[in-house]
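Structural overview
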Amino acid sequence: MKASKLTIMGLALLFTGLTVCKKPDAEVSEAPKKAADLSAVVVFAVGDSKIQHADQTEEKAQLGALLKSGDNVVTGDNGKVDIQFADGSSIRISPKSAIDFAKLSQDNSGTTDTQIALVSGKVFAKVNKAKKEDNFTVVTPTAIAGVRGTSFIVEAAEGKPAKVKVVEGAVAFAPRVPALEKLSSEEISGNADLKKLQESLAKAEVILEKDQASTQSAKSADLAKSADIQTLDLNKAFKTSEKEKLVVESAKLTKNEEQEIKTIVTVDKQTAQEITRLSESAQTEKLDELKKQEIDAKRHVIEQDVAKRQEEEKKKFEDSLANQPKEFKSKKDIVNYYERIEKIVLVDGKTVIGAIINQENGQLIVHTENGIKRIDMDNVEEVIYDLQQKSKF
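To keep things clear, this report deals only with the structure shown in the data block. Predicted model only: the values in this text are computed from it and were never measured.

Conventions used here
- Residues numbered from 1 in each chain as written.
- Predicted model: local features only at pLDDT ≥ 70, side-chain atom pairs only at ≥ 80, totals over all residues.
- Heavy atoms only, no water.
- Helix = DSSP H or I, 4+ residues; strand = E, 2+ residues; numbered from the N terminus.
- Buried < 20%, exposed > 50% of the residue type's maximum accessible area, 1.4 Å probe, protein only.
- Contact = heavy atoms within 4.5 Å.
- Phe/Tyr/Trp six-rings, centres within 6.5 Å; stacked < 30°, edge-to-face > 60°.
- Pairing = 2+ DSSP bridges.
- Core = buried A, V, L, I, M, F, W, Y, C linked by side-chain atoms within 4.5 Å.
- 1 Å grid on protein atoms, 1.4 Å probe; cavity = no way out; pocket = protein on both sides within 12 Å on 5 of 7 lines; lining within 4 Å.
- Points joined across faces, edges and corners; volume = space filled by probe spheres on them.
- Nonpolar A, V, L, I, M, F, W, Y, C, P; charged D, E, K, R; others polar.
- Axes fitted to C-alpha atoms, helices over the stretch in contact; angles between N-to-C directions.
- Arc of directions from axis to C-beta.
- Polar contact = N/O pair within 3.5 Å; in protein donor to acceptor, adjacent residues only side chain to side chain.
- Patch = residues over 30% accessible without salt bridge, like charges linked within 9 Å, V, L, I, M, F, W, Y side chains within 5 Å.
- Areas by Shrake-Rupley, 256 points an atom, 1.4 Å probe, with all protein chains shown as cover.
- Salt bridge = Lys/Arg side-chain N within 4 Å of Asp/Glu carboxyl O.
- Lys, Arg positive; Asp, Glu negative; His and termini not counted.
- Charge placed at Lys NZ, Arg CZ, Asp CG, Glu CD.

Considering the side chain of E257
On the secondary structure map, E257 appears in helix 6 (residues 255-262). Look at E257 and you get buried, because its relative accessible area is 3%. When near neighbours in sequence (up to four residues on either side) are disregarded, E257 contacts K122, F124, I153, K165 and K252.

Below you can see the structure in the form of structure tokens.
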């Protein structure tokens, strides 16, 4: 599956200020003159998270909260927020993350342009592209990911290189030099060294397809540290761009990552509109207490429905772990996927090592390197958890 090449220097994300940390400073091409602003809506939220609006107002991230260009979301230690866009695309923002909504627009031909900046943290996305021309871009401080009809994961820990994993579809992934993006095309074309660097960055782009991933090298990420072109060593930057190629590798999703991407639930257009209407009504100061209670009750019903659907998807996924288990060649493979491993000591002195998937009907369901094992609880003497911290695999 092929994805169109990103025009690296054509990007100009119009970012507004974040109060928590420095965000990606990118540039994107100008939108069509008749572009209309769109909004995205929070369809699910748990934990402590907040929305900082472009007008400097702030609110809790909760069902019905609207996001427009220039707004940003900051999730707390246990915060998680699902956001749905006008075209049906959706993202899940992980705990301890910050995301800026740089552009949410649609031109007069119906083409949508969604550009978000992952300042730090992790985001899971399911992109729904109705038209080939629709644009969905995720920018990190050091790299850029252009998406076409896909589900994917982008991670950008503060001060570290960006990482992309593709679950379905394709993503065009490339390093960034923000200092270069601030210049006009005329300034670049008039300087041989700048043009050489620009062309090198364009060639550095890789197309990641299903089950593929790529992580920037630390040296490649360092290209984004220069605040302006005057402080950038162009010769060194060119050599780094040429040598530090993005490597395409197996995605190797963890169990948690698979679960997160598969439990993102979207709502139909009518429900999305109802969520928005209820949220706007709740902000009206003139409402009497009875009306507010009525609105809260309706919102609660929708929240419960979304939560129920997410639990159903989670249960379906967990069932698949036991009914259609992945094949692991070693205990290390188990640790890499489940991010943990247990040792089950049986009454007869024998042991079973693997990841406990579930406990049901008086049995432990354990994923071992020899497949799924079901162990009667009556035969279990002891369970040693987090064995990976005590042993090397």
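Section: the packing of aromatic side chains
Tallying each qualifying case throughout the model produces five aromatic pairs. Here F85 and F101 contribute two aromatic rings whose centre-to-centre distance is 6.2 Å and whose plane-to-plane angle is 40 degrees, an arrangement assigned as tilted. With F85 in the loop between strand 7 (80-84) and strand 8 (90-93) and F101 in strand 9 (residues 98-106), this pair connects stretches of sequence that are 16 residues apart. F85 gets classed as buried once you look at its relative accessible area, which sits at 5%. With a centroid separation of 6.2 Å and 70 degrees between ring planes, the pair formed by F328 and Y338 is classed as edge-to-face. With a gap of 10 residues between them, F328 in the loop between helix 8 (289-323) and helix 9 (331-338) and Y338 in helix 9 connect regions that are remote in the sequence.

Some words on the pairing of strand 8
Going residue by residue along strand 8, you find S90 and R92 tucked away on one face and I91 and I93 tucked away on the opposite face as well. With four bridges connecting them, strand 7 and strand 8 associate as antiparallel partners. Residue pairing across strands places I83 opposite I91, the latter belonging to strand 8. Here strand 7 folds back onto strand 8, and the loop between the two strands holds five residues, one of which, G88, carries a positive phi near 95 degrees. Relative to strand 10 (residues 112-126), strand 8 runs antiparallel, the two being bridged by four bridges. Within the sheet, the bridge partner assigned to I91 lies in strand 10 and is A125.

Quick look at the nonpolar core
The tendency in soluble globular proteins is for nonpolar side chains to be buried side by side. Formed by 37 residues in total, the largest nonpolar core has its most connected members in I83, I91, F101, F136 and F152. In terms of residues, this core owes the most to one element, strand 12 (residues 143-156), which gives six residues. Here F101 is in contact with L67, K68, S69, G70, D71, N72, V73, I83, F85, I91, Q115 and I116, once residues within four sequence places are set aside.

Examining empty space enclosed by the protein
Going through the model one piece at a time under the given rule, you end up with one cavity of 30 Å³ or more. For the largest cavity, the calculated volume is near 60 Å³. Taken together, L38, S39, F85, A86, D87, L104, S105, T112, D113 and T114 make up the full set of residues lining the largest cavity. Secondary structure elements with two or more residues in the lining of the largest cavity: strand 9 and strand 10. Residues of the lining of the largest cavity, tallied by class, amount to four nonpolar, four polar and two charged.

Here we look at the layout of surface pockets
Considering only enclosed or pocket space, the largest pocket measures out at about 600 Å³ in volume. For the largest pocket, the lining is made up of 20 residues, of which A251, K252, L253, K326 and Y337 are closest to its centre. The set of elements that each furnish at least two residues to the lining of the largest pocket consists of strand 13 (163-175), helix 6 and helix 9. Each residue belonging to the lining of the largest pocket can be placed in one class, and the counts come to six nonpolar, three polar and 11 charged.

So, the sheet that holds strand 18 (residues 351-360)
With antiparallel pairing, five strands are arranged side by side in an open sheet as 20-19-18-17-21. Because the sheet does not close on itself, it has two edges, and the strands there are strand 20 (371-376) and strand 21 (380-384). This sheet shows a mean twist of 45 degrees between the axes of neighbouring strands, independent of strand direction. Pairing analysis gives four bridges linking strand 17 (residues 342-346) to strand 21, with the strands arranged antiparallel. When the bridges of strand 21 are listed, L346 appears paired with V380.

As for helix 5 (residues 234-243)
Turning to helix 5, its buried residues are L234, A237, F238, T240 and S241. The buried residues of helix 5 occupy one face: seen down the axis, they fall within an arc of 165 degrees. Exposed side chains of helix 5 directed beyond 90 degrees from the buried face belong to K236 and K243. At its buried positions, helix 5 is contacted by helix 3 (192-204) and helix 4 (218-221). If you check the start of helix 5, you find a side-chain oxygen 3.3 Å away from the backbone N of N235, and it comes from D233.

Quick word on a positive patch on the surface
A cluster of basic residues, K196, K219, K236, K239 and K243, forms a positive patch at the surface. Here the positive patch takes three residues from helix 5, the largest share from any one element. The topology assignment puts K219 in helix 4. The exposure class of K219 is exposed, given its relative accessible area of 56%.

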